[in-house]
Amino acid sequence: DLMYRVKSHQQVLSNLMSEHATTYGLRVKTMSHHPYLFGGYEYNSRTSLMKDVYRYKKVPKPLLFHMCWTQSHVHKKAFMKQMGFWQVNPQCADTQAISQISQEDILSTCCAAEPLVECFYSDKPSVIPCSDKAPLDKGKHDFWK
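What comes next is a walk through the structure. Bear in mind that the values here come from a model prediction, so they are computed numbers and not experimental data. (Residues numbered from 1 in each chain as written. Predicted model: local features only at pLDDT ≥ 70, side-chain atom pairs only at ≥ 80, totals over all residues. Heavy atoms only, no water.)

**Quick notes on the overall build of the protein chain**
Here's step 1: A tally of regular secondary structure across the protein chain gives seven helices and two strands.
Here's step 2: In the protein chain, the succession of α and β elements from N to C terminus is α-α-β-α-α-β-α-α-α.
Here's step 3: Across the 145 residues in the protein chain, those meeting the buried criterion constitute 26%.
Here's step 4: By sequence separation, contacts in the protein chain at least 24 residues apart represent 47% of the contacts at least 6 residues apart.
Here's step 5: Accessible surface for the protein chain amounts to roughly 10,500 Å². Of this, 55% is attributable to carbon and sulfur atoms. (Helix = DSSP H or I, 4+ residues; strand = E, 2+ residues; numbered from the N terminus. Buried < 20%, exposed > 50% of the residue type's maximum accessible area, 1.4 Å probe, protein only. Contact = heavy atoms within 4.5 Å. Areas by Shrake-Rupley, 256 points an atom, 1.4 Å probe, with all protein chains shown as cover.)

Dropping the structure here:
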């Protein structure tokens with residue numbers, strides 16, 4: 001109920017962790033900012049960093065890209081595809097399709113060896129230029145220009 005009211009599972013989790021720390025002595029450690037931890041701030045505000053990642057292939061390994069800040073799973077999926085982070089074959093895009101695949105075949109059937117890149121928005125970071133697409137945010141310029 002709280003998650004629907006505050007519209008943030010992160011806030012609910014933070015509250016629960018604080019409560020358990022106080023009540024039960026739970027010790028919590030959080031990650032400080034790390035160069036391999038990307039999120040909404042880097043994606044939306046650090047254009048030069050995002051361009052360096054793609055233009056010069058300076059993708060840190062391993063890379064954790066936090067996508068919880070998106071408005072919906074539709075945006076999350078589009079952003080991941082556009083950034084070259086999507087490796088789920090189309091035949092495995094919904095749970096009903098996946099339920100028809102055997103456990104032995106799920107990796108070979110569902111996981112693409114290379115990212116499946118698709119453009120959606122010209123103003124958002126992308127592994128390839130998406131200049132022929134409309135911007136998601138009105139008035140924003142092309143990411144690659």
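**Quick look at the environment of Y43**
Here's step 1: Assignment of secondary structure puts Y43 in helix α3 (residues 40–45).
Here's step 2: For Y43 and M67, which are 24 residues apart along the polypeptide, the C-alpha to C-alpha distance reads 9.5 Å.
Here's step 3: Those residues in contact with Y43, other than ones at most four positions away along the chain, are M50, F65, W69, F79, M83, K124 and P125.

**A word on helix α5 (residues 73–82)**
Here's step 1: Along α5, the residues that are buried comprise H75, A78, F79, K81 and Q82. Along the long axis of α5, the arc covered by the buried residues comes to 165°, so they all point the same way.
Here's step 2: Here the buried face of α5 lies against α3.
Here's step 3: Looking one or two places after α5, you find G84, whose phi comes out positive at around 80°. (Arc of directions from axis to C-beta.)

**Observations concerning the side chain of D123**
Here's step 1: Positionally, D123 belongs in the segment after α7 (106–110).
Here's step 2: Of the side chains with opposite charge, K124 lies nearest to the buried D123, which makes no salt bridge, at 4.2 Å.
Here's step 3: A polar atom in the side chain of D123 sits 2.7 Å from the backbone nitrogen of L136.
Here's step 4: Excluding residues within four positions of it along the chain, D123 makes contact with P135, L136, D137, K140, H141 and F143. (Lys, Arg positive; Asp, Glu negative; His and termini not counted. Salt bridge = Lys/Arg side-chain N within 4 Å of Asp/Glu carboxyl O. Polar contact = N/O pair within 3.5 Å; in protein donor to acceptor, adjacent residues only side chain to side chain.)

**Comments concerning the layout of surface pockets**
Here's step 1: When its volume is computed, the second largest pocket comes out at roughly 210 Å³.
Here's step 2: In this structure, the second largest pocket is lined by Y43, N44, T47, D123, K124, P125, D137, K140, H141, D142 and F143.
Here's step 3: Residue composition of the lining of the second largest pocket, by class: three nonpolar, three polar and five charged. (1 Å grid on protein atoms, 1.4 Å probe; cavity = no way out; pocket = protein on both sides within 12 Å on 5 of 7 lines; lining within 4 Å. Points joined across faces, edges and corners; volume = space filled by probe spheres on them. Nonpolar A, V, L, I, M, F, W, Y, C, P; charged D, E, K, R; others polar.)

**What to know about the packing of aromatic side chains**
Here's step 1: Counted according to the given criterion, the structure contains three aromatic pairs.
Here's step 2: Centre to centre, the rings of F79 and Y121 are 6.0 Å apart; their planes meet at 70°, and the pair counts as edge-to-face. Pair noted here: F79 is in helix α5 and Y121 is in the segment after α7, with a separation of 42 residues, a long-range link. Take F79 and Y121: they sit in the same class, and that class is buried.
Here's step 3: Note on F143 and W144: the rings are 5.2 Å apart at their centroids and 85° apart in plane angle, and the pair reads as edge-to-face.
Here's step 4: On the accessibility criterion, F143 (4% relative accessible area) is buried.
Here's step 5: In textbook terms, an aromatic cluster arises when at least three aromatic residues are bridged by ring pairs, as seen for F79, F120 and Y121.
Here's step 6: Residue placement shows K51 over the ring face of F143; its charged tip is 5.7 Å from the ring centre. (Phe/Tyr/Trp six-rings, centres within 6.5 Å; stacked < 30°, edge-to-face > 60°. Lys NZ or Arg CZ within 6 Å of the ring centre and 35° of its normal.)

**Topic: the environment of D132**
Here's step 1: By the element assignment, D132 lies in the segment after α7.
Here's step 2: Note on D132: relative accessible area 65%, which makes it exposed.
Here's step 3: Separated by 12 residues in sequence, D132 and F120 place their C-alpha atoms 9.2 Å apart.

Just geometry here; none of it tells us what the structure is for.
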